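What follows is each chain in one-letter form.
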Amino acid sequence: MIERIIIRGYRRFDKLDLTPNPGMNIIVGDNESGKSTLLEAISLALTGKLNGRWAREELNPFWFNRAAVNDFFTKYGTRDQIAAPEIVIELHLVDRDELQRLRGVHNSLKLDCPGVLMRIAPADEYADEFKEYLHDNPPHILPVEFYDVDWRDFSDKALNHRPKELAASFIDSHTIRSTSGVDYHTREMLSEHLDSRERARISIAHRKLRQQITNDALSDINARLAAEHSSLHDRPIGLQMDQSSRASWEAGIVPQVDDIPFAMSGQGQQAAIKVALAMSRTAGTSTFVLIEEPENHLSYTSLTRLVSRIEGLAGDDQQLFVTTHNSFVLNRLGVDKLLLLHNGNTTKLTTLGDDTANYFRKLAGYDTLRLVLAKKLALVEGASDAIVLERAYRDRVGKMPIEDGVDIVSMGGLTFRRALELCTSLNRQAVALTDNDGHPMAEILAPLSGLLLEGKRTMLVSDPAKGPTLEPQICAVNDQELLRRVLGRTSRADLPTWMSNNKTEAAIRIFDSNEPIMFPDYINEAIALLR
Amino acid sequence: MNRLTLAVAGGRKTQSVVDDCLAAPKGSKILALTYTQNNQQELVSRLAPYRPLEAHVEVQGWFSFLLRHWVRPYLPARFPGRRLHGLNFDGDPGRFAKGEGKFLDSEGRAYKRHLAQLALETDQASSGAVLDRLSRIYDVVYIDEVQDLNGYDLEVLEALMASPIDLNLVGDVRQALILTNVRDPKKKQYKGINIKKWFEDHARRGDLEILHNSTTWRSNQIIADFADSIFDDSWGFSKTVSQNTVITGHDGVFAVSPEHVPEYVTRYKPLCLRYNANSAKSLDLPFINIGMAKGLGVERVIIGPTSGMINFLSKGKRLDDIPCCSLYVAVTRARASVTFVADNPDRLGLPVWMP
């Protein structure tokens, strides 16, 4: 179980210090916020590899934090010169008996706990070459050839393979990478799924089979070749099956589902197989499952099935890190397990109660991610409120709210209390607008008191004197004739009644109209707060 | 529970460690420590045929144990910012070195000379984390040839005794010949064979249970009796009982004059032993030093004795502690015969061999 992740100088993470949840972690964030990078970093420190290749081989200049690299080159040779950029990834692990070999104080915080760390820093033996490179007025690209990858546990023991106490499965969103049929991560999982005796049995059978092909099918051919070429070469030339390690059984054996090979099955199916493989591992190892965007390539039903499997994975021995763009995945796996990434920093939900998490789990279809990811948030009751607010905002500001990063989210089935609770635990700015529905303002605000915060989270209630809902409120502040023109209604129709019966239609007509329309005070106030 | 098994030479000490490892329950975590390289390889190769074992068994040397489990994980707790880069086997920081310089050379290697002290100080600086970590990695620690430990090593043993780890010590104090750190001034009174007193002190305090095994499977009874006679009765060693009853036709302890040595060696092909490179210089034999023969078992030995040994044999004059142990080791290598080379073989009180 990872208790703390510290990343310095890796890609977009200048400095990250994250305390993940013990079981499930759902990582959300905008595009480019570093979701995949976080999974990569965890995988690097746990396994020493990235995409199945050693960090040393994969290392490239773009692993280093862009800003740090630029800063280094800009200041180099000046009086403010700084040390060359480094990458440090530290995973602090829980203090369990089976992890004691990894324990010590060799980490940046000098804490006594088990853990692993990867440090990529300039190599001492290339100090002169590095210096020479810098004097040559180079482009702002680090010469990684002069860097060392140092992978150790916290007891300061150098690691050259993954510590056996730790197991990591990476279920990435890419499908088949290699031409051989199964990508590296799946192969890794597959091979760990089998115990050593089973592996040996397959390997021997495979070897025998190849030998048999050499003996049977190839023997006639070899006899012919020997005869034909005896004049060309003094030793016999022949063909045989490749017996080198390149031809190991792993390359020739693939999982299949319903008699269909892995590579031929649908991408959703493949994701499901990978999750299944990741699930059962040897006891006594701490397993980490990293899942990248499980929603990709999956229909709603397949996703539901997959997500319930993923849910089953999290536990005492397994820690999950799931990145997602999908609210359903988030709601189902638990809003309270969310880690929000933003500009290389993370926000964790700490105060969200179990009941709220359960509430979102039941409301799995709700687009929770919009609440989570919006820069500025306006919460409204329904679609008509959202449309009217957009129009009012455009009138006032001159552009659509979304262009300013204001996301207007209608509550659907969600209550304001739950939504504001989520915003509170994310420390997010939000403006909520609600009808008074004939109740006094104080009565509406009372149950929300702990969630509201001046300048951060505001609840605006329409003035009860001007009508219970949005429609009478609009009627109250606009000229009747103008409103009839906007809505295309004759003088016979009672405007508040028609509007209330055709809320969305009325809102769209208001939105599309070129007439100068007035809006109730609470809406204007909301716009002032959102700008 | 901490236990010490004191066995005589040829008492199958190493085998008892192997047997215990094989009998250990599934899942138990065992560390077997020895001091000499020879012994380490011996243990590893005796366990090899039985792998995979039910228990998890690791074999390590004493110094790498101190380096890997005591010093390396927590060195920064003792010396902030420092990392361990290996062992300086022969180096000497000098008598007046203090602090970091006493323990680590300029390349960050720990001086072997002060390693045990560094280990103890590191544990202290880590507030006991070293032992906590260790006792969660291993349930049982065996230490073979425990008589070779001295000085601060004994304090390391004391720390292990006080921990939840079951410490199992195996050794023979009469073979206290090689010391981990000859010049370690700590616990000087327990140096060499005197480690016996240290064991007895701990047994009295109830930290240690001492078991005795006086059966030898190697030397015959004549050699065993002779070996017992090397030590003064005041040590209180019990009489060795031999289970070797093989008669070869040349059995027991003998003397031979230098002129007959070539013929003797040709006929019996004994292992040739001397005290050190400076002894028995007049004899042209393929000698090895007695210290190097520790752990070996051979059919016959021939010994180029020191003048002290001659005095002991001819006049019964007791040897000092270290030569005593040395002679004991030399004699107990043999299954069938031990022969001393002497200018006047008839004065040794031993049967004289002649062609």
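Look a little higher up for the structure.
Below is a short write-up of the structure. None of the values given here were measured: they were computed from a predicted structure.

**Side note on the overall build of chain B**
Scanning chain B from N- to C-terminus turns up 13 helices and 15 strands. The C-alpha atoms of chain B give 22 Å as radius of gyration, which agrees with the globular expectation for 355 residues (20 Å, within 12%). Expressed along its principal axes, the backbone C-alpha trace of chain B runs to roughly 70 × 50 × 40 Å. Per-residue burial for chain B yields a buried fraction of 57% across its 355 residues. Of all intrachain contacts in chain B linking residues separated by at least 6 positions in sequence, the fraction that spans at least 24 positions is 76%. Charge centroids of chain B, computed over 44 positive and 40 negative side chains, lie 3 Å from each other.

**Side note on the sheet that holds strand 17 (residues 376–380) of chain A**
Residues and elements named next belong to chain A. The sheet built from four strands is open, its strands ordered 18-17-19-20 with parallel pairing. Single-partner strands in this sheet number two, and they are strand 18 (406–410) and strand 20 (457–461). Taking each pair of neighbouring strands and ignoring which way they run, the sheet shows an average axis angle of 20°. Sitting on the sheet, helix 14 (residues 383–397) touches strand 17, strand 18 and strand 19 (430–434), and the angle it makes with strand 18 is about 155°.

**Looking at the interface of chain B and chain A**
Taken together, the contact pairs 17 residues of chain B with 16 residues of chain A. With both sides pooled, the region where chain B packs onto chain A buries about 1400 Å², and carbon together with sulfur makes up 41% of that total. Looking only at chain B, the three residues that lose the most surface to chain A are Arg-72, Arg-83 and Arg-136 of chain B, adding up to 44% of its buried area. Taken together, the links from chain B to chain A amount to six salt bridges. With a shortest N-O distance of 3.8 Å, Asp-150 of chain A and Arg-83 of chain B are connected by a salt bridge. Inspection of the region where chain B meets chain A yields 13 residue pairs in polar contact (both at pLDDT 80 or more). Contributing elements (two or more residues each) for the side of chain B that touches chain A: strand 3 (56–61), helix 4 (75–78) and helix 7 (129–137) of chain B.

**A few points about the side chain of Asp-144 of chain B**
Residues and elements named next belong to chain B. Here Asp-144 is to be found in the loop between strand 6 (140–143) and helix 8 (152–162). Within the buried core, Asp-144 has no salt-bridge partner, and the shortest N-O distance to an opposite charge, that of Lys-13, equals 6.6 Å. In contact with Asp-144, other than residues within four places in its own chain, are Lys-13, Thr-14, Leu-33, Thr-34, Tyr-35, Asn-39 and Val-170.

**Side note on the packing of helix 14 of chain A against helix 17 (residues 470–477) of chain A**
All names here are of chain A. Two elements in contact, helix 14 and helix 17, have axes separated by 11 Å at closest approach and are oriented at 30°. As summarised for this structure, helix 14 and helix 17 are arranged roughly parallel, according to the angle between their axes. Only Leu-470, Glu-471 and Ile-474 of helix 17 make contact with helix 14, whose side of the interface consists of Ser-384, Asp-385 and Val-388. Split by residue class, the contact of helix 14 with helix 17 holds three nonpolar, one polar and two charged.

**Comments concerning the pattern of salt bridges**
Inspection of the entire model under this criterion finds 44 salt bridges over all chains. A salt bridge links Arg-174 of chain B to Asp-228 of chain B, with the nearest nitrogen and oxygen atoms 3.1 Å apart. Of this pair, Arg-174 of chain B sits in the loop between strand 7 (166–171) and helix 9 (195–205) while Asp-228 of chain B is found in helix 10 (residues 221–229), placing the two residues 54 residues apart along the sequence. The exposure class assigned to Arg-174 of chain B is buried, which follows from its relative accessible area of 2%. Within the structure, one salt-bridge network assembled from shared partners comprises Asp-95, Asp-97, Arg-103 and Asp-112 of chain A together with Asp-132 and Arg-136 of chain B.

**Regarding a negative patch on the surface**
Residues and elements named next belong to chain A. On the surface, Asp-124, Glu-125, Asp-128, Glu-129, Glu-132, Asp-136 and Asp-148 cluster together into a patch of negative charge. With three residues, the single largest contributor to the negative patch is helix 4 (residues 127–135). With respect to the element layout, Glu-125 can be found in the loop between strand 8 (113–122) and helix 4. Given a relative accessible area of 56%, Glu-125 falls into the exposed group.

**Some words on the pairing of strand 14 (residues 298–304) of chain B**
Remember that side chains alternate between the two faces of the sheet whenever the strand is regular. Residue and element names in this part refer to chain B. In terms of residue burial, strand 14 counts as a mostly covered element, since six of its seven residues are buried. As defined by bridge partners, strand 12 (residues 271–274) adjoins strand 14 across four bridges and the pair is classed as parallel. Its bridge partner lying in strand 14, Leu-271 is registered against Val-301. One ladder, built from five bridges, connects strand 14 with strand 15 (residues 334–341); its direction is parallel. Note on strand 15: the bridge partner recorded for Val-301 is Val-338.

**Examining helix 17 of chain A**
All names here are of chain A. Summarising burial for helix 17: six of the eight residues are buried, a large majority. Those residues of helix 17 not exposed but buried are Leu-470, Glu-471, Pro-472, Gln-473, Ile-474 and Cys-475. Considering only its buried residues, helix 17 is in contact with helix 14, helix 18 (480–487), helix 19 (495–501), helix 20 (503–512) and helix 21 (521–530).

**Observations regarding the packing of aromatic side chains**
All names here are of chain A. One pass over the full model with this rule turns up 24 aromatic pairs over all chains. Here Phe-64 and Tyr-147 contribute two aromatic rings whose centre-to-centre distance is 4.9 Å and whose plane-to-plane angle is 65°, an arrangement assigned as edge-to-face. Here Phe-64, found in the loop between helix 2 (55–58) and helix 3 (66–75), pairs with Tyr-147, found in strand 9 (residues 147–153); they are 83 residues apart in sequence, far enough to count as distant. Of the two residues examined, Phe-64 and Tyr-147, each falls in the buried class. An aromatic cluster is defined as three or more aromatic residues linked by ring pairs; in this entry it consists of Phe-64, Phe-72, Phe-73, Tyr-76, Tyr-126, Phe-130, Phe-146 and Tyr-147. A cation over a ring is seen here: Lys-49 above Trp-54, with NZ or CZ 4.7 Å from the ring centre. Cation over ring: Arg-394 sits above Phe-511, and NZ or CZ is 4.7 Å from the ring centre.

Rules and cut-offs
- Residues numbered from 1 in each chain as written.
- Chains lettered and ligands numbered in written order.
- Predicted model: local features only at pLDDT ≥ 70, side-chain atom pairs only at ≥ 80, totals over all residues.
- Heavy atoms only, no water.
- Helix = DSSP H or I, 4+ residues; strand = E, 2+ residues; numbered from the N terminus.
- Rg over C-alpha atoms; globule rule 2.2 N^0.38 Å.
- Buried < 20%, exposed > 50% of the residue type's maximum accessible area, 1.4 Å probe, protein only.
- Contact = heavy atoms within 4.5 Å.
- Lys, Arg positive; Asp, Glu negative; His and termini not counted.
- Charge placed at Lys NZ, Arg CZ, Asp CG, Glu CD.
- Pairing = 2+ DSSP bridges.
- Axes fitted to C-alpha atoms, helices over the stretch in contact; angles between N-to-C directions.
- Buried area = accessible area lost by both parts, 1.4 Å probe.
- Salt bridge = Lys/Arg side-chain N within 4 Å of Asp/Glu carboxyl O.
- Polar contact = N/O pair within 3.5 Å; in protein donor to acceptor, adjacent residues only side chain to side chain.
- Parallel < 35°, antiparallel > 145°, perpendicular 65-115°, else oblique.
- Nonpolar A, V, L, I, M, F, W, Y, C, P; charged D, E, K, R; others polar.
- Patch = residues over 30% accessible without salt bridge, like charges linked within 9 Å, V, L, I, M, F, W, Y side chains within 5 Å.
- Areas by Shrake-Rupley, 256 points an atom, 1.4 Å probe, with all protein chains shown as cover.
- Phe/Tyr/Trp six-rings, centres within 6.5 Å; stacked < 30°, edge-to-face > 60°.
- Lys NZ or Arg CZ within 6 Å of the ring centre and 35° of its normal.

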